[in-house]
Amino acid sequence: MKNSDAKAEVIIDLQNKGYDLDFTLNNEFLRCVQDGELISPDDFEIAETYLIQSEAQAGMPYVIYAIRSLHNGIKGILMTSYSGFMHGMSIRLWSKLAANLN
């Protein structure tokens, strides 16, 4: 995991590397915002992880993940706050995302 102070710089850098889709958390899956596809924790890998601290609201840092699908090659970005790990996520998905916070 890399630390950074600038969320926009990290997102632009990842987009330049081909991570041009957006993902959101959806219980047990990641959901691709652009096409609605659901991706299970077994079907993606985390290529890069960034901890964004200076732009965090109320002292809660953001985490930005560069996500790559193992089956269809799509690449995108998942951005969430630490509080995103506390609600509405399966243990399986939480475990995969949390493992990259070290």
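Scroll up a little and you will see the structure.
Residues numbered from 1 in each chain as written. Predicted model: local features only at pLDDT ≥ 70, side-chain atom pairs only at ≥ 80, totals over all residues. Heavy atoms only, no water.

**Some remarks on the nonpolar core**
Stage number 1. Membership of the largest hydrophobic core comes to 16 residues, with the highest contact counts inside it found for F23, L30, F44, Y65, I67, L78 and L97.
Stage number 2. Among the elements of the structure, β2 (21-26), β3 (29-32), β5 (44-57), β6 (60-69) and α2 (91-98) are those that each provide at least two residues to this core.
Stage number 3. In terms of nonpolar packing, the next biggest core, distinct from the first, is built from nine residues, L14, Y19, I64 and A66 among them. (Core = buried A, V, L, I, M, F, W, Y, C linked by side-chain atoms within 4.5 Å. Buried < 20%, exposed > 50% of the residue type's maximum accessible area, 1.4 Å probe, protein only. Helix = DSSP H or I, 4+ residues; strand = E, 2+ residues; numbered from the N terminus.)

**Things to note about the pattern of salt bridges**
Stage number 1. The full count for this structure, using the stated rule, is five salt bridges.
Stage number 2. The closest approach of N and O atoms between E48 and K17, which form a salt bridge, is 3.1 Å. Within this pair, whereas E48 is found in strand β5, its partner K17 is found in the loop between α1 (7-16) and β2, the two being separated by 31 residues in sequence.
Stage number 3. For E48, a relative accessible area of 13% gives the class buried.
Stage number 4. For R92, the salt bridge identified is with E28, shortest N-O distance 2.8 Å. (Salt bridge = Lys/Arg side-chain N within 4 Å of Asp/Glu carboxyl O.)

**Digging into α2**
Stage number 1. Those residues of α2 that sit buried are L93, L97 and A98. Taken end-on, α2 shows its buried residues confined to a sector of 125 degrees, consistent with a single buried face. (Arc of directions from axis to C-beta.)

**With respect to the packing of aromatic side chains**
Stage number 1. By the definition in use, this model includes zero aromatic pairs.
Stage number 2. It is K75 that lies over the ring of Y19; its NZ or CZ is 4.6 Å from the centre. (Phe/Tyr/Trp six-rings, centres within 6.5 Å; stacked < 30°, edge-to-face > 60°. Lys NZ or Arg CZ within 6 Å of the ring centre and 35° of its normal.)

**As for the pairing of β3**
Regular strands have side chains that alternate between both faces of the sheet.
Stage number 1. Residues L30 and C32 point to one face of β3 and are all buried, whereas F29 and R31, pointing to the other face, are not buried.
Stage number 2. Bridging between β2 and β3 involves four bridges; their strand directions are antiparallel. The residue of β3 that forms the bridge with F23 is C32.
Stage number 3. Hairpin connection, β2 to β3: the antiparallel pair is bridged by two residues, and N27 has positive phi, about 55 degrees.
Stage number 4. Two elements, β3 and strand β4 (residues 38-39), share two bridges in a ladder whose sense is antiparallel. Looking at the pairing, L30 lines up with I39 of β4.
Stage number 5. Connecting β3 to the next strand, β4, in antiparallel fashion are five residues, including G36 with a positive phi near 80 degrees. (Pairing = 2+ DSSP bridges.)

From the geometry alone we can't say anything about function, so treat these as descriptive.
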